[in-house]
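So the chains spell out like this:
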Amino acid sequence: MIKKIKQQWHQFQLSRLTKEQLIHHIANGSNAAVLEAVNILKEREHLQDGSLNNANLAGAKLQNAKLATAQLEAANLTQADLTHCYLGSVNLKGAILQGAIMQYANLRDVSLRKANMQNCDLRHAHFASADMWNVNLQGANLQHANLWGANLKAANLRDANLENANIGQVQLDNDTILPDGTRWSAEVDLAKYTNHKK
């Protein structure tokens, strides 16, 4: 009973915070507090109004957050934990995601144009139909990731781990840098990077 009252009081206190204070809470709070702050920002429609564009959320504990259609253009999410996060149709153009943990995250239809995802942990992440033009995935771990239909034109995949990744219908061009540092061409057998047998 006491625990429930404390929880309700905490939620009441959060509800009285300004938009700026809630964003600060996301950057620095515990995962439980972050999820509550995200829900309040969602109720106030601040996730989609550009309030989080350029936000400094480095190291944020966003596990299991539901951020569908959020505007996070050029946001700093360096080393943030987005495990199991739902990011469907989110705008992450130019975002900094270096070293972020995004295992099992759902990024279907997300825009990651020119985003920096160097050394990200993207194991089992879902990128179907994502726009990843000119994204930096150097050194990223994409084991078992679903990249079906993703736009990886001009992307940098140097030293990325694509073992068992689904790269069916992926879009590449001559500016796409492959894991071994070479550029993509129609003659390249991508199966050698995923270890998928034909």
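Residues numbered from 1 in each chain as written. Predicted model: local features only at pLDDT ≥ 70, side-chain atom pairs only at ≥ 80, totals over all residues. Heavy atoms only, no water.

Attention now goes to the pattern of salt bridges. Counting across every chain of the model gives four salt bridges. Measuring nitrogen to oxygen at the nearest pair gives 3.0 Å for the salt bridge that ties Arg 113 to Asp 131. Residue Arg 113 is located in the loop between helix H3 (31-43) and helix H4 (191-194), and its partner Asp 131 is located in the loop between H3 and H4; the two are separated by 18 residues in the primary sequence. Residue classification places Asp 131 among the partly exposed positions, given a relative accessible area of 22%. Arg 183 serves as the salt-bridge partner of Asp 175, at 3.9 Å between the closest nitrogen and oxygen. A relative accessible area of 45% means that Asp 175 is categorised as partly exposed. (Salt bridge = Lys/Arg side-chain N within 4 Å of Asp/Glu carboxyl O. Helix = DSSP H or I, 4+ residues; strand = E, 2+ residues; numbered from the N terminus. Buried < 20%, exposed > 50% of the residue type's maximum accessible area, 1.4 Å probe, protein only.)

Below, the discussion takes up the packing of helix H2 (residues 19-28) against H3. One can describe the packing of H2 onto H3 by two numbers: an axis separation of 8 Å at closest approach and a directional angle of 145°. Note on packing geometry: the crossing formed by H2 with H3 is left-handed. On the side of H2, the interface is formed by Lys 19, Leu 22, Ile 23, His 25 and Ile 26, while H3 contributes Ala 33, Val 34, Ala 37, Val 38, Ile 40 and Leu 41. When grouped by side-chain class, the residues that make up the contact of H2 with H3 number nine nonpolar, one polar and one charged. (Axes fitted to C-alpha atoms, helices over the stretch in contact; angles between N-to-C directions. Left-handed = near helix turned anticlockwise from the far one by under 90°. Contact = heavy atoms within 4.5 Å. Nonpolar A, V, L, I, M, F, W, Y, C, P; charged D, E, K, R; others polar.)

Of all hydrophobic cores here, the largest spans 63 residues; its most connected members are Met 117 and Phe 127. At the level of secondary structure, the elements contributing two or more residues to this core comprise H2 and H3. Contacts of Phe 127, omitting those with residues within four sequence positions, involve Leu 107, Leu 112, Met 117, Leu 122, Met 132, Leu 142, Asn 146, Leu 147, Trp 148 and Ala 150. (Core = buried A, V, L, I, M, F, W, Y, C linked by side-chain atoms within 4.5 Å.)

Taking 1.5 Å per residue as the helical rise, H3 with its 13 residues ought to reach 18 Å, and the 18 Å between its terminal C-alpha atoms agrees with that figure. Phi for Glu 45, located one or two positions after H3, is positive at around 65°. (Expected span 1.5 Å × (residues − 1).)

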